[in-house]
Amino acid sequence: MKTFEHICRMTQPEVKQYMHGYLTSHKYAPTSEDGFLYAKGDVPVMLVAHMDTVHKEQCKDINNNNGKLSSPQGIGGDDRCGVYIIMNIVKELHCSVLLCEDEERGCIGAHKFVKADYIKNLGVNYMIEFDRKGNNDAVFYSCANEDFIDFVEDATNFKFATGSVSDISVLMPEANL
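What counts as what
- Residues numbered from 1 in each chain as written.
- Predicted model: local features only at pLDDT ≥ 70, side-chain atom pairs only at ≥ 80, totals over all residues.
- Heavy atoms only, no water.
- Salt bridge = Lys/Arg side-chain N within 4 Å of Asp/Glu carboxyl O.
- Helix = DSSP H or I, 4+ residues; strand = E, 2+ residues; numbered from the N terminus.
- Buried < 20%, exposed > 50% of the residue type's maximum accessible area, 1.4 Å probe, protein only.
- Contact = heavy atoms within 4.5 Å.
- pLDDT = per-residue confidence, 0-100.
- Phe/Tyr/Trp six-rings, centres within 6.5 Å; stacked < 30°, edge-to-face > 60°.

Asks: Which residues make up the pattern of salt bridges, and what are the values?
Replies: Any two side chains of opposite charge can pair, on the condition that their charged atoms come close. In the structure shown here, the tally under the stated rule is six salt bridges. For Lys-112, the salt bridge goes to Asp-34, with nearest N and O atoms at 2.6 Å. With Lys-112 in helix H4 (residues 108–115) and Asp-34 in the loop between strand E1 (31–33) and strand E2 (36–39), this residue pair connects regions lying 78 residues apart in the sequence. Taking relative accessible area as the criterion, Asp-34 reaches 55% and is therefore assigned exposed. Between Asp-102 and Arg-105 there is a salt bridge; the shortest N-O distance is 3.4 Å. Looking at Asp-102, the relative accessible area reads 15%, which means it is buried.

Listed below in structure tokens is the structure:
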């Protein structure tokens with residue numbers, strides 16, 4: 001498994017290619033299409049992250065100051081952190097995985113995933129996207145289930161917060177979960 005720093009240095013196409021191989025090595029049969037990489041799992045949860053970053057220049061130089069990473073080109077933690085989290089989760093749980101392209105340009109990959117009709121047969125009960133700037137925010141788009149929000153807050157150190165847009169805000173209304 002590549003380190004987080006390696007993932008930060010990759011271009012979006014390199015992340016997609018690497019994750020295709022990574023998922024395959026973890027007993028998935030990933031589908032790579034224009035805009036996304038999708039792998040169906042057998043746990044009824046879909047893990048979502050996006051492969052692009054807001055930075056225009058590719059991350060080359062990474063400074064590690066007591067565990068805090070930075071780069072003059074921008075570290076790209078949004079959303080390479082999400083990709084790295086998914087890499088670690090699928091080592092133990094065979095959740096479905098969706099990695100989208102071009103979230104920073106308008107959730108382009110998420111829109112393409114919805115149009116490709118995978119959304120109709122996901123076989124999941126929940127979607128979780130790892131895409132936040134803060135360190136303890138939990139954002140729920142169109143979630144009217146107060147018991148679920150309370151459960152997340154009580155069982156973790158995450159607290160309910162509001163967010164503007166991410167791939168999951170495109171996916172959830174179409175998924176009818």
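Asks: Quick one: what's the story with the side chain of Ser-96, residue by residue and with numbers?
Replies: Mapped onto the elements of the fold, Ser-96 is located in strand E6 (residues 95–100). We classify Ser-96 as buried; its relative accessible area is 1%.

Asks: I'd like a rundown of the environment of Thr-11, residues and numbers included.
Replies: Within the secondary structure layout, Thr-11 lies in the loop between helix H1 (4–9) and helix H2 (12–25). Take Thr-11: its relative accessible area is 26%, and that puts it in the partly exposed class. Spatially, the C-alpha atoms of Thr-11 and Met-51 are 8.4 Å apart, while their sequence positions differ by 40 residues. Setting aside residues up to four positions removed in sequence, Thr-11 forms contacts with Gln-58 and Arg-80.

Asks: I'd like a description of the confidence of the model for the chain, backed by residues and values.
Replies: In this model, the chain carries a mean pLDDT of 88, and residues with pLDDT of at least 70 account for 98%. For the chain, the element scoring lowest by mean pLDDT is strand E8 (residues 137–139), at 76; E2 scores highest, at 98.

Asks: Now, about the packing of aromatic side chains: what can you tell me, with residues and values included?
Replies: Under the counting rule described, the total for this entry stands at eight aromatic pairs. Ring plane angle 65 degrees and centroid distance 5.7 Å describe the contact between Phe-4 and Tyr-84, whose orientation is recorded as edge-to-face. Remark: Tyr-84 occurs in helix H3 (residues 77–89) and Phe-4 occurs in helix H1; sequence separation between them is 80 residues. Taking the relative accessible area as the measure of exposure, Phe-4 reaches 17% and is therefore buried. Residue Tyr-84 is classed as partly exposed on the basis of its relative accessible area of 24%. Seen in terms of ring centroids, Phe-113 and Tyr-118 are 5.5 Å apart; in terms of plane orientation they differ by 15 degrees. Their pairing is stacked.

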